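Observations on the model geometry
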Amino acid sequence: MTRVVRFWIPVAVTFAGLLLTNHIKNNIIQANYPLVKDGTISIITHNDIIPTVFYAIMMIIMKPVAEELFFRKAIIKFGSKKRVFALTVVSLLLCAITRAHGLLGIAEWVLMALPVTIAYVVTRNIYISVMAHVAFEFYDNIYSVVYAIGRILNR
């Protein structure tokens with residue numbers, strides 16, 4: 001029971017943080033800057049079942065795992081508090097810069113990366129941030145995957 005509580009409660013809290021930051025990004029920031037492009041790039045095309053399934057695997061599993069392993073585990077090294085803080089800032093900025101090129105977009109993605117980064121720094125358990133990130137990507141992408149598969153099957 002203790003293992004379940006020590007793993008799944010931080011995952012649930014981190015997932016809730018991701019939902020909250022996503023809400024802030026979509027409904028507060030973008031609502032207050034409707035004419036400013038956030039600089040994010042998103043090109044999604046689905047024309048066949050197999051590429052759509054590979055897209056789903058990539059976006060829901062591979063991308064969050066790779067991001068967590070690189071931007072959190074590989075960059076943030078524990079030691080002194082100053083080192084952890086500096087590497088956390090570097091991690092957040094690199095993660096944001098790979099997702100967007102405009103200042104607003106970079107700020108939004110720093111915000112979006114905060115919950116998983118905080119979870120990793122606080123727990124020092126990469127699996128918590130990985131699981132929360134995978135759960136969030138499932139939540140964020142599954143509707144478009146199901147829609148695309150339904151559209152392809154009904155052509």
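Residues numbered from 1 in each chain as written. Predicted model: local features only at pLDDT ≥ 70, side-chain atom pairs only at ≥ 80, totals over all residues. Heavy atoms only, no water.

Turning to the overall build of the chain, a few remarks are in order. Summing up its helical and strand segments, the chain has five helices and zero strands in all. Helices and strands appear in the chain in the N-to-C order α-α-α-α-α. The principal-axis extent of the C-alpha atoms belonging to the chain is close to 60 × 45 × 25 Å. Evaluated residue by residue, the chain yields a buried proportion of 39% over its 155 residues. Nonlocal contacts in the chain, meaning residues at least 24 apart in sequence, comprise 77% of its contacts between residues at least 6 apart. On the chain, roughly 9700 Å² of surface is accessible, and the fraction owed to carbon and sulfur atoms is 71%. Separation between the mean location of the 15 positive side-chain charges and that of the 7 negative ones in the chain comes to 12 Å. (Helix = DSSP H or I, 4+ residues; strand = E, 2+ residues; numbered from the N terminus. Buried < 20%, exposed > 50% of the residue type's maximum accessible area, 1.4 Å probe, protein only. Contact = heavy atoms within 4.5 Å. Areas by Shrake-Rupley, 256 points an atom, 1.4 Å probe, with all protein chains shown as cover. Lys, Arg positive; Asp, Glu negative; His and termini not counted. Charge placed at Lys NZ, Arg CZ, Asp CG, Glu CD.)

Another point: the nonpolar core. By size, the foremost hydrophobic cluster in this structure holds 19 residues, and its most contacted members are V11, L18, A96, W109, V110 and I128. For this core, the secondary-structure elements that each account for two or more residues are α1 (2-32), α3 (81-99), α4 (103-123) and α5 (126-153). In terms of residue count, α4 provides more of this core than any other element does, seven residues in total. If sequence neighbours within four positions are ignored, I128 has contacts with R6, F7, P10, V11, T14, A119 and T123. (Core = buried A, V, L, I, M, F, W, Y, C linked by side-chain atoms within 4.5 Å.)

Another point: the packing of helix α2 (residues 49-74) against α3. Contact pair α2 / α3: the axes reach a minimum separation of 9 Å and the direction vectors enclose 140°. If you check the angle between α2 and α3, you find them oblique. Here K63, E67, F71 and R72 of α2 lie close against α3, whose contacting residues are S91, L94, C95, T98 and R99. Looking at the contact of α2 with α3 residue by residue, the class counts come to three nonpolar, two polar and four charged. (Axes fitted to C-alpha atoms, helices over the stretch in contact; angles between N-to-C directions. Parallel < 35°, antiparallel > 145°, perpendicular 65-115°, else oblique. Nonpolar A, V, L, I, M, F, W, Y, C, P; charged D, E, K, R; others polar.)

Here α3 is 19 residues long and its end C-alpha atoms lie 27 Å apart, about the 27 Å a rise of 1.5 Å per residue gives. Three or more residues of α3 are buried, namely V84, T88, S91, L92, C95 and A96. Seen from one end, α3 has its buried residues packed into an arc of 120°, which puts them on one side. What points out from α3, more than 90 degrees from its buried face, is the exposed set K82, I97 and T98. Buried residues along α3 sit against α2 and α4. (Expected span 1.5 Å × (residues − 1). Arc of directions from axis to C-beta.)

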